[in-house]
Amino acid sequence: MPQFKKILVPVDGSSTSNKALDYALQMAKDSHAQVRFVHAIDELGYLSSYEYSGELMATAHKNGTAVLQAAVVAAQAANVPADTRLVDTPGQRLGQTVADEAASWNADLVVLGTHGRRGVGRVLLGSGAEQIIRMAHVPVLIVRGE
């Protein structure tokens, strides 16, 4: 079994994301790896009348920071070294954001939950997990939700 030393974990605070986070932390603990949590701001989720609202974007950054901080607290409780990255790249798809972060950090593995958009959002953008699988140049471990 390969040893992973740098595990990238996209987080969004959902129950499925938290399940993947827990799985990644256990893997990291077992293999003495470090973890990086990444949260991507989804500007499309904050579109208001085709304009970005500064107040809504400030809230998105605040929420993203809180999600990342909760992940760090979980890593500390598991005695796993971890850091975070909040990414706000307007117009960039989630898959590309995660693939870029995995490449720049030299991650060995990406671990994520099978959550994401449904309905029209998924048709227009593709599911986040599918994008990451297609774009990442490292192995991707998908943790199923409930």
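Scroll up a little and you will see the structure.
Residues numbered from 1 in each chain as written. Predicted model: local features only at pLDDT ≥ 70, side-chain atom pairs only at ≥ 80, totals over all residues. Heavy atoms only, no water.

1. Looking at the overall build of the chain
Within the chain one finds five helices and seven strands. Along its sequence from the N terminus, the chain presents helices and strands in the succession β-α-β-β-β-α-β-α-β-α-α-β. Burial statistics for the chain: of 146 residues in total, 38% are counted as buried. In the chain, the share of contacts with a sequence separation of at least 24, taken over all contacts with a separation of at least 6, comes to 78%. (Helix = DSSP H or I, 4+ residues; strand = E, 2+ residues; numbered from the N terminus. Buried < 20%, exposed > 50% of the residue type's maximum accessible area, 1.4 Å probe, protein only. Contact = heavy atoms within 4.5 Å.)

2. Here we look at the nonpolar core
Counting residues in each nonpolar core, the largest one holds 23 residues, and the members touching the most others are Ile7, Val9, Val11, Leu25, Val35, Phe37 and Val111. When residues of this core are traced back to their parent elements, those giving at least two are β1 (6-10), α1 (15-31), β2 (34-40), α2 (54-77) and β6 (109-113). Take this core: its biggest share by element is six residues, from α1. In contact with Val111, other than residues within four places in its own chain, are Ile7, Leu8, Val9, Pro10, Ala20, Ala24, Met27, Leu141 and Val143. In terms of nonpolar packing, the next biggest core, distinct from the first, is built from 12 residues, Val38, Trp105, Ala107 and Leu112 among them. (Core = buried A, V, L, I, M, F, W, Y, C linked by side-chain atoms within 4.5 Å.)

3. Observations regarding the environment of Val111
The residue Val111 is located in strand β6 in this model. A relative accessible area of 0% places Val111 in the buried class. It is 9.9 Å that separates the C-alpha atoms of Val111 and Ala129, two residues lying 18 residues apart in sequence.

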